[in-house]
Structures are given as C-alpha cells and as structure tokens.
Amino acid sequence: MRHPVVSAPKYKGYLGLTMNYGRWSGSAGLMQVCGLYTAIGDNETTEDFTLLNATVSYTLCRPVRLWVKGENLLAQRYEYIAGMPMPRATFMGGVNVEF
C-alpha cells in the first residue's frame, strides 16, 4: 500500500479448524497480523500479533446446546488504534435453544 491507513495491516493470515464428534462440536481459529498501522503521520506505529479463538459446544438434547467460547487465548497485548488497547483473554458461555 502506498499510503498507510490506520487499522490496515501489511499482512493478515487465518487458519481455521472445525470438528464434530457425537454431541460435541468445536472450532478454533488462529490469526496472524503483521504490520498493522495503529498510528500514521509523524508518529507512525505498527503492531504484530497472533490471536487464537476457540468455541466448544455440547448438545444436551435435541433443542438445547451448551457452549463456551474463548477469544485471544494467547492473551496478546495489541491495539487496532494507538491508545485503545484490546482486551486480553476473554471467555463467555451460554445456552442455545432451537424451536
């Protein structure tokens, strides 16, 4: 790119995996970001980081599925915009009910 743009990386790659085994299912994704511009101009800065996200779910019975998700499992410190840090490892879970 001739002119840097904030939040635009020089390189971004992604590798994903999905699996199903009986009542269990899961997915994981690994993303590599290199040369992400967080500030441009006189104070031009870039970031390099790797993110690992994963989701696991279990089908309790036909309409009910339990799930848990983790994001930034490597607890990387990174910013898309200078001065605005993204959270480190985060987790959430829930129940899906399909009618």
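The notes below deal with the structure included here. (Residues numbered from 1 in each chain as written. Predicted model: local features only at pLDDT ≥ 70, side-chain atom pairs only at ≥ 80, totals over all residues. Heavy atoms only, no water.)

## Some remarks on the pairing of strand β2 (residues 24–39)
Point 1. Summarising the sheet, strand β1 (residues 11–21) and β2 pair through 11 bridges and their orientation is antiparallel. Considered in β2, the bridge of Y11 is made with C34.
Point 2. Following β1, the chain reverses through 2 residues before pairing antiparallel with β2; G22 in that reversal takes a positive phi of roughly 60°.
Point 3. By the bridge criterion, 13 bridges tie β2 to strand β3 (residues 45–61) in an arrangement that is antiparallel. When the sheet's bridge partners are listed, Q32 is paired in β3 with T50. (Pairing = 2+ DSSP bridges. Helix = DSSP H or I, 4+ residues; strand = E, 2+ residues; numbered from the N terminus.)

## Here's the deal with unusual backbone geometry
Point 1. In this structure, S7 is a non-glycine residue whose phi angle is positive, near 75°.
Point 2. Inspection of the secondary structure assignment puts S7 in the segment before β1.
Point 3. The backbone of N72 shows a phi angle near 55°, a positive value even though the residue is not glycine.
Point 4. Mapping N72 onto the fold places it in the loop between β4 (64–71) and β5 (79–81).

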